[in-house]
Amino acid sequence: MRISRKQLLLPLISALSKDGGVSTPKKIYEAVADELGLTHEQRKRQTKADRNGQTHNAFERDVRWTRQTATRKGLIASPERGVWSLTDLGHDKLHNASEGLVVTVFETPHGQALWTKLETAVGHFEDNAIDLLFTSPPYPGALKQYANGDLDEESWVSFMMDMISGFAPKMRDTGSMMLNVAETYVPGLPIKQEHLTKLRMRLVTETRFRVLDTLYWHNTSRLASPFRWVAQQRIRLKPSVEPVLWISENPYAKANNRNVLQKYKKPPSETYHMGGVRPGGHRMSSTGFSRDNGGSIAPVLFSAGGSAGPKYYREALKKEGLPQHPAIMPEALAQHCIKLATDPGDLVVDPMAGSLTTARACETLSRDWICLDSSLSYLAGARHKFPERRENSSLLEAMLP
Ligand SMILES: C[S@@+](CC[C@H](N)C(=O)[O-])C[C@H]1O[C@@H](n2cnc3c(N)ncnc32)[C@H](O)[C@@H]1O
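Residues numbered from 1 in each chain as written. Predicted model: local features only at pLDDT ≥ 70, side-chain atom pairs only at ≥ 80, totals over all residues. Heavy atoms only, no water.

- Looking at an unreviewed UniProt entry, the chain carries the name Methyltransferase, with the source organism given as Acetobacter pasteurianus NBRC 3278.

**Brief notes about the overall build of the chain**
Okay, step 1: Along its length, the chain carries 15 helices and 13 strands.
Okay, step 2: C-alpha extents for the chain along the principal axes are approximately 100 × 50 × 45 Å.
Okay, step 3: Sorting the 401 residues of the chain into buried and exposed places 46% on the buried side.
Okay, step 4: Taking as baseline every contact in the chain between residues at least 6 positions apart, the subset at least 24 positions apart corresponds to 66%.
Okay, step 5: Taken as two groups, the 52 positive and 43 negative side-chain charges of the chain have centres that lie 2 Å from each other. (Helix = DSSP H or I, 4+ residues; strand = E, 2+ residues; numbered from the N terminus. Buried < 20%, exposed > 50% of the residue type's maximum accessible area, 1.4 Å probe, protein only. Contact = heavy atoms within 4.5 Å. Lys, Arg positive; Asp, Glu negative; His and termini not counted. Charge placed at Lys NZ, Arg CZ, Asp CG, Glu CD.)

**A short note on the domain arrangement of the chain**
In many reports, interface size means the accessible area that the parts give up when they come together.
Okay, step 1: Here the chain is described as being made up of domain 1 (5–94), domain 2 (97–262 + 297–399) and domain 3 (264–293).
Okay, step 2: Relative placement of domain 1 and domain 2: their C-alpha centres are 36 Å apart.
Okay, step 3: Across the contact, seven residues belong to domain 1 and ten residues belong to domain 2.
Okay, step 4: Both sides of the domain 1 and domain 2 interface together cover about 700 Å² of buried area, and 62% of this is carbon and sulfur.
Okay, step 5: The largest per-residue losses of area from domain 1 upon contact with domain 2 belong to Leu10, Lys18 and Leu94, which jointly make up 57% of the total buried on that side.
Okay, step 6: On the surface where domain 1 and domain 2 come into contact, there are zero salt bridges.
Okay, step 7: At the surface where domain 1 touches domain 2, the tally comes to zero residue pairs in polar contact (both at pLDDT 80 or more). (Domains from an automatic or database assignment. Buried area = accessible area lost by both parts, 1.4 Å probe. Salt bridge = Lys/Arg side-chain N within 4 Å of Asp/Glu carboxyl O. Polar contact = N/O pair within 3.5 Å; in protein donor to acceptor, adjacent residues only side chain to side chain.)

**Focus on the sheet that holds strand β1 (residues 22–23)**
Okay, step 1: The strand order β1-β3-β2 describes an open sheet built from three strands, whose pairing is antiparallel. The sheet is open, and its two borders are formed by β1 and β2 (76–77), each paired with just one other strand.
Okay, step 2: Strand direction decides the pairing type here: β2 and strand β3 (residues 84–86), joined by two bridges, are antiparallel. Counted as the bridge partner of Ile76 is Leu86 from β3. (Pairing = 2+ DSSP bridges.)

**Observations regarding the packing of aromatic side chains**
Okay, step 1: All told, the structure shown has five aromatic pairs when counted by the stated rule.
Okay, step 2: A centroid spacing of 6.3 Å and a plane angle of 85° characterise the contact between Tyr29 and Trp84, whose relative ring orientation is edge-to-face. Of this pair, Tyr29 sits in helix α2 (residues 25–36) while Trp84 sits in strand β3, and the two are 55 residues apart along the sequence.
Okay, step 3: Overall, the relative accessible area of 8% leaves Tyr29 in the buried class.
Okay, step 4: Judged by its relative accessible area of 4%, Trp84 is buried.
Okay, step 5: Within the aromatic cluster, the residues linked to one another by ring pairs are Phe106, Trp369 and Phe386.
Okay, step 6: The ring centre of Phe386 lies 5.4 Å from the NZ or CZ of Arg360, which sits over that ring.
Okay, step 7: In this arrangement the basic side chain of Lys385 is found over the ring face of Tyr313, its NZ or CZ atom lying 4.5 Å from the centre. (Phe/Tyr/Trp six-rings, centres within 6.5 Å; stacked < 30°, edge-to-face > 60°. Lys NZ or Arg CZ within 6 Å of the ring centre and 35° of its normal.)

**As for helix α11 (residues 311–320)**
Okay, step 1: For α11, the complete set of buried residues consists of Tyr313, Ala316 and Leu317. Mapping the buried residues of α11 onto a view down its axis gives an arc of 105°, with all of them on the same face. Opposite the packed face of α11, turned more than 90 degrees from it, sit the exposed residues Lys311, Lys318 and Lys319.
Okay, step 2: On its buried side, α11 packs onto α14 (376–382). (Arc of directions from axis to C-beta.)

**Notes on the UniProt feature "domain: Restriction system protein Mrr-like N-terminal" (unreviewed entry) in the chain**
Okay, step 1: Following the UniProt record, the feature "domain: Restriction system protein Mrr-like N-terminal" (unreviewed entry) maps to residues 7–94 here.
Okay, step 2: The span residues 7–94 carries 58% helix and 8% strand; its end-to-end C-alpha distance comes to 13 Å. (UniProt positions renumbered as here; feature names shortened; annotations may be inferred.)

**Side note on helix α8 (residues 195–206)**
Okay, step 1: In this model, α8 (twelve residues) spans 16 Å end to end at C-alpha, consistent with the 16 Å of a helix rising 1.5 Å per residue.
Okay, step 2: Of the residues making up α8, those classed as buried are His195, Leu196, Leu199 and Leu203. Angular distribution of buried residues about the axis of α8 spans 100°; they occupy a single face of the element.
Okay, step 3: Of the surrounding elements, those touching the buried residues of α8 are α7 (153–167), β8 (210–219) and β9 (241–248). (Expected span 1.5 Å × (residues − 1).)

**Focus on the pairing of β8**
Okay, step 1: Of the pairings in the sheet, the one linking β8 to β9 comprises eight bridges and is antiparallel in character. Counted as the bridge partner of Leu215 is Val244 from β9.
Okay, step 2: Across four bridges, β8 lies against strand β10 (residues 301–304) in parallel orientation. The residue bridging Trp217 from the neighbouring strand is Phe302, located in β10.

**Points about a nonpolar patch on the surface**
Okay, step 1: Where nonpolar side chains cluster on the molecular surface, the patch consists of Tyr216, Val241, Val300 and Leu301 and spans about 300 Å² of accessible area.
Okay, step 2: Among the structural elements, Val241 can be located in strand β9.
Okay, step 3: Looking at Val241, the relative accessible area reads 38%, which means it is partly exposed. (Patch = residues over 30% accessible without salt bridge, like charges linked within 9 Å, V, L, I, M, F, W, Y side chains within 5 Å. Areas by Shrake-Rupley, 256 points an atom, 1.4 Å probe, with all protein chains shown as cover.)

**Side note on the environment of Phe59**
Okay, step 1: In this structure, Phe59 sits in helix α4 (residues 58–72).
Okay, step 2: Under the relative-accessibility criterion, Phe59 is labelled buried at 6%.
Okay, step 3: If sequence neighbours within four positions are ignored, Phe59 has contacts with Leu8, Tyr29, Val32, Ala33, Leu36, Leu38, Gln42, Arg43 and Arg45.

**Here's the deal with the site of the ligand**
Okay, step 1: What surrounds the ligand is a group of 22 residues, the closest being Ser136, His325, Ser355, Thr357 and Asp373.
Okay, step 2: At 3.2 Å, a backbone N or O of Ser374 approaches a nitrogen atom of the ligand.
Okay, step 3: About the coverage of the ligand: the protein hides 98% of its 600 Å² of free accessible area.
Okay, step 4: Classifying every residue of the shell around the ligand gives eleven nonpolar, eight polar and three charged. (Near = heavy atom within 4 Å. Nonpolar A, V, L, I, M, F, W, Y, C, P; charged D, E, K, R; others polar.)

Quick look at the structure:
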């Protein structure tokens, strides 16, 4: 199989990075060939004779051609003849996925972590394959921190609509999406942004997606923010609840609240004994409520503290100089949602997976998973949560600081 020139871009940049950011074409040809595991035949293949009857090494010509493209894009510079060097932009590119790039960072028996943008990845999924798309997207403004530039409210809604409609055909008929979407304040004002209202309006007017239910994550360790309105001027409350919008095109999408039964506070027989009276004065019927169903039906509110991830993960990040993810959700929340909407063996996808909380929950619950993120650093750090992984060691060696 011939390696396309597009596929050479990342290995070229990572070979340069491995060599300290500056190298010579000769060394780079060998490093890229090694990284791609080329056979002797692929490495030595000659081009057809040119007008002067000369042939050239086809692989080296492709690498030079790729280097020219990278130079045009500002990723590589040539400070002097015969020297190639990686620019700051090139370094960034190695850590933030750009259009067209889909790279497996590691695999487990249940899933795959992919370094890619969701806009690119969506085209690689088969139709009618996903049982649950579970994700927590960055909120408007926070997208600036990530790979998409500074998205305002309207652009955030369009970004979400594109994501939802892009993945819609990839969902099974019984599939659903769960979106942990936070409320935020208008920058500089003590009023809320309406991105969620707008998203819901566009969903009902432009798509067949409907809200099946809204779960609310009560973040028990949420800080008082925005500091100005909540802690300083004391005119707003702690924003301790985040909605998880549960949507589907199918009103009867897979769902089972028996999978998330809560521990009874008291045995059912003591709660509403036959003919008992509720606190509001309502007299209970003599059947139904006193039966032991193995637990009580979960409310829409789910309480769990925020988390920086397990200790061994944080220590591994420190050791490798990788960044801590700024917005990790509690694994308990991911498990709760996944159990509610899927069965063991189902496929769960998180297209903005950050520190791979969704993937970790899927491993625990024996669901298959495909999780992706545009940041290689977050995925590389999160790999430590998967002791049974098979990792893309040449990629990781190249990117680790
Ligand atoms: C709120 S975080 C997700 C956190 C995750 N739930 C966890 O527990 O770690 C959102 C993630 O979306 C990623 N992201 C932003 N835009 C993206 C895009 N276009 N494609 C893929 N990932 C993207 C960011 O890199 C970030 O890690």
